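Here is what each chain is made of, one letter per residue.
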Amino acid sequence: MAIKFFIQKDIPDEIQAEVCDTIAALGGRVEPKVPRVGFVLVQPGTAEEERLRLCWSTSERPERYFVPYTYVEACKVSGMLLKQIFIHDGQPIRMHIDSSIANINVRSTLSARIMHSGGDPTASAQSARVILADPNTEIFQHLVKTYQSEANKYVESYLWVKKCIEKGQVIYTPVVYKNPGGRRPGEERTQFTAEDEQHLCEWIAAKIPYKETGGRTGNRLYQQLCEMGSEPEFAWVARHTWQSWRERYKKNATRLDVKIAEIVDEKKPAHGEKGQYGYVRKPEEKPKRTRKKRNSTNGVVDGDPNASMKVEGGAVNGVLDGVSAPPGPTPGPSTVPLETYSLPMPVPLSMTGVMSTVGGPADSFNPIAYQPPTPVFQHMPMPVPGQGPMDAETARRDVRKEEMEDDEVEWQIREGHATPPAWAAKRKVDGEEEGPHKRQRIGPQEEPEMPNGLHVIDQAVRDIAQEFRFLLEEVQEYYDKCGDPERTRNRFKRAREAINALEDEDEPPAT
């Protein structure tokens, strides 16, 4: 019998047409009304989707599933009908994708897988039944510790969704027993009220219902009890310290164990149930990387590429109604041929210092040769070795010059009228030996001065001003520009001659 589908009416027409064609190609049937058994294809996040869920999602029809319209394409890609496993009591399991999963592509893929398998990935951390987080972060361990005592809330890795889909059922990560430590029952020092004993027995019955597991006299059990004092229902914990609670049980263990056994018989908790003391979450398994084997003849991954869709244990070849489909693979991404490239092989260079054109992936290998870098020290003269080997006497003499004497002190100085240190006398002797060849120190040369104390340049400027009867400031200004005394003298000489050659305007003309 063909699987029935109902498509949300306000989905765009082009999308509806494409979904209808895919359903027909896979052997399904699109109904104009909501079927009793089948799938309702909706667009998540719309008002119409919410209305359809309120009207048609009932516990009387557990085989009516609400999935996004992309569910049909996901079934086509996977080659099988995706089971609706993330459903609890007829309702989608609410999940929260924690912010520790920061990759946007991973979050969107995870959300799509959850919706295609019947879950709801849009819940908040408080209302969600399952919280998905990255197990490689500190946030994951904090979430596990926070929700460890809540029986209906689970913290799982983001890989948990894929594992459940592959196994076809929801399997939460189990808890394993961890020895809490502590000694066996003993005695206790102080007396409590009957109400205090009742609270204590209820706490121990919830955390360690079976005495044979041990841990009822350990410190951590009662420390954890006092840590719950901030909760309103555990306000009675503040009456005593955790040491007092522990001692109370130790000294009255025989009597209190009877009360604890009665409480356990009423609630009948399972051995190792979530929330019991000493049981912690099983560590995450690291994913194993499997290498795909390729056929040596055609390069296709081993296995049947044309997987058939499975409906309720029956196998059909690409159809949903049990009728065999036409032969040939179902069109999809798995049938698209892949273009292969041959790996380039290195070949020896025939020419050096020449760079050839770089080719594409299908071209033959084109080697690229570069001019070797210029040596850094090619212009530095290299020492030429001597004609013969150095004799031992010369080598020892050079070593004695470099070796420091035993009685020589590096920072020895002369004190008062004492004898100068050895290094000072040695330096003086060396200076006397090298006296004729020693370079004389040349101090700064003194500027020549005139008898009247003026500089030679200043005196020359004054002489030019007096000789040609010009102001000293004029001559000094021009000298500062040219910097040549002779040039300055010639200029003012020509200026004076030109002035003398001018005719006097008041002188009468010659007759």
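What comes next is a walk through the structure. (Residues numbered from 1 in each chain as written. Predicted model: local features only at pLDDT ≥ 70, side-chain atom pairs only at ≥ 80, totals over all residues. Heavy atoms only, no water.)

The next point concerns the overall build of the protein chain. Regarding its fold elements, the protein chain presents 15 helices and 13 strands. Here the protein chain has roughly 37100 Å² of accessible surface; of this, 53% comes from carbon and sulfur atoms. (Helix = DSSP H or I, 4+ residues; strand = E, 2+ residues; numbered from the N terminus. Areas by Shrake-Rupley, 256 points an atom, 1.4 Å probe, with all protein chains shown as cover.)

Under the counting rule described, the total for this entry stands at 14 salt bridges. Of the charged contacts, one joins Arg 216 and Asp 257 as a salt bridge, the two residues approaching to 2.9 Å between their closest N and O atoms. Taken together, the residues Arg 216 in the loop between α7 (194-207) and α8 (219-227) and Asp 257 in helix α10 (residues 253-267) connect sequence positions 41 residues apart. Of the residues examined, Asp 257 reaches a relative accessible area of 13% and is grouped as buried. Shared partners join several salt bridges into a network, and the residues in it are Glu 197, Arg 248, Arg 255 and Lys 259. (Salt bridge = Lys/Arg side-chain N within 4 Å of Asp/Glu carboxyl O. Buried < 20%, exposed > 50% of the residue type's maximum accessible area, 1.4 Å probe, protein only.)

Further remarks concern the environment of Gly 215. Tracing the backbone through its elements, the reader meets Gly 215 in the loop between α7 and α8. Each C-alpha atom, one on Gly 215 and one on Ile 204, is 10.0 Å from the other, the two residues being 11 residues apart in sequence.

Two numbers describe how helix α13 (residues 456-467) lies on helix α14 (residues 472-482): the axes approach to 9 Å, and their chain directions differ by 125°. Considering the angle they form, α13 stands oblique to α14. Crossing handedness for the pair α13 and α14: right-handed. Touching Ile 457, Val 461, Arg 462, Ile 464 and Ala 465 of α13 are Leu 472, Val 475, Gln 476 and Tyr 479, all from α14. Across the contact of α13 with α14, the residue classes tally to seven nonpolar, one polar and one charged. (Axes fitted to C-alpha atoms, helices over the stretch in contact; angles between N-to-C directions. Parallel < 35°, antiparallel > 145°, perpendicular 65-115°, else oblique. Left-handed = near helix turned anticlockwise from the far one by under 90°. Contact = heavy atoms within 4.5 Å. Nonpolar A, V, L, I, M, F, W, Y, C, P; charged D, E, K, R; others polar.)

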